[in-house]
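# Inside the fold
Listed below are the residues making up each chain.
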Amino acid sequence: MELANKNIFITGSSRGIGWGLAQAFAQQGANIVLNGRKEIAADKVAEIEALGVKCICICGDISSFEDAGRMIAEANETLGSIDILINNAGITQDKLLLRMKPEEFDACLDINLKGTFNMTQQVLKQMMKQRSGAIINMASVIGQIGNVGQSNYAASKAGVIGFTKSVAREVAPRGITCNALAPGFIATEMTDQLSDKIKLQIEGQIPLKRYGSVEDVAKAAVFLAESPYLTGQVINVDGGMVM
């Protein structure tokens, strides 16, 4: 898909990987819908618009099916129909299983998995009519190999992978692609808070011996969006962790 003048909705795009995705797609000439639960600073919009594209902010709760519908409808009305949806928003509620509260397990599924379902179903209504579109879901290597203290997060991301493959089969006849990205350890504000000891332990698990960058993930996302014959795939951006 040619990205110039396409409309892209990126959930959880006020910071981190989501913000990097917004910048990367804007640099390719795409119009951007920034999204988060809270209001997004005006300077973020200005930075995207400085690249010569349109940018709007739509805030809401992706774990609510009704709110997801409102956000997609608002995007369609304000910017035009959405050509690409990137389900990037996600949370962690890390804790060993025996200490995990039911609400902490549910929280990960509500945002990471149910939120992906909510946004995808709402955007597909228009994509099916226009017989085109691309959906990119943010999974994780943890959804493939698991991790101590992340049974809730792993379950949600494994669900995203299965969801991606099933949706890809359903919508392929309408010319719509659906793929997933599975990042490994990516340098963001979250990893900056780790101790040097933990950082070294993590790097030891990565064959390339370094963290990935937000730009690494963004390049892979652009590649998937531009590839009309790739669907139902999970692309690991992980420095070789999962081989």
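Keep in mind it's a predicted model, so treat the numbers as computed, not measured.

The positions UniProt marks with the feature "active site" (unreviewed entry) are Y153. For Y153, the position within the fold is in helix α6 (residues 151–171). Its relative accessible area of 14% is what places Y153 among the buried residues. In this structure, Y153 is in contact with I91, T92, C108, N112, S140 and I142, ignoring residues within four places of it in sequence.

A complete count under the given rule lists five salt bridges for this structure. Here K95 makes a salt bridge to E104, at a shortest N to O gap of 2.9 Å. Overall, E104 belongs to the buried group, its relative accessible area being 13%. Note that D216 is salt-bridged to R210, the shortest N-O span being 4.0 Å. Relative accessible area serves as the criterion here: at 27%, D216 is assigned to the partly exposed category. In this structure R210 comes out as partly exposed when scored by relative accessible area, which is 46%. Each of D67, R70 and E74 takes part in a single network of salt bridges with overlapping partners.

Approximately 1,400 Å³ is the volume attributed to the largest pocket. Lining the largest pocket are 44 residues, and of these G90, I91, T92, T188 and M190 lie nearest its centre. When contributions to the lining of the largest pocket are tallied by element, the ones reaching two or more residues are α1 (16–27), β2 (31–36), α6, α7 (189–192) and α8 (196–203). Of the residues belonging to the lining of the largest pocket, the class tally is 18 nonpolar, 18 polar and eight charged. Taken as a whole, the second largest pocket encloses approximately 200 Å³ of empty space. Lining the second largest pocket, in full, are G16, W19, G20, Q23, A24, Q27, Q28, V214, E215, A218, K219 and V222. Sorting elements by how many residues they give to the lining of the second largest pocket places α1 first, with six residues. Residues of the lining of the second largest pocket, tallied by class, amount to five nonpolar, five polar and two charged.

Parameters at a glance
Residues numbered from 1 in each chain as written. Predicted model: local features only at pLDDT ≥ 70, side-chain atom pairs only at ≥ 80, totals over all residues. Heavy atoms only, no water. UniProt positions renumbered as here; feature names shortened; annotations may be inferred. Helix = DSSP H or I, 4+ residues; strand = E, 2+ residues; numbered from the N terminus. Buried < 20%, exposed > 50% of the residue type's maximum accessible area, 1.4 Å probe, protein only. Contact = heavy atoms within 4.5 Å. Salt bridge = Lys/Arg side-chain N within 4 Å of Asp/Glu carboxyl O. 1 Å grid on protein atoms, 1.4 Å probe; cavity = no way out; pocket = protein on both sides within 12 Å on 5 of 7 lines; lining within 4 Å. Points joined across faces, edges and corners; volume = space filled by probe spheres on them. Nonpolar A, V, L, I, M, F, W, Y, C, P; charged D, E, K, R; others polar.

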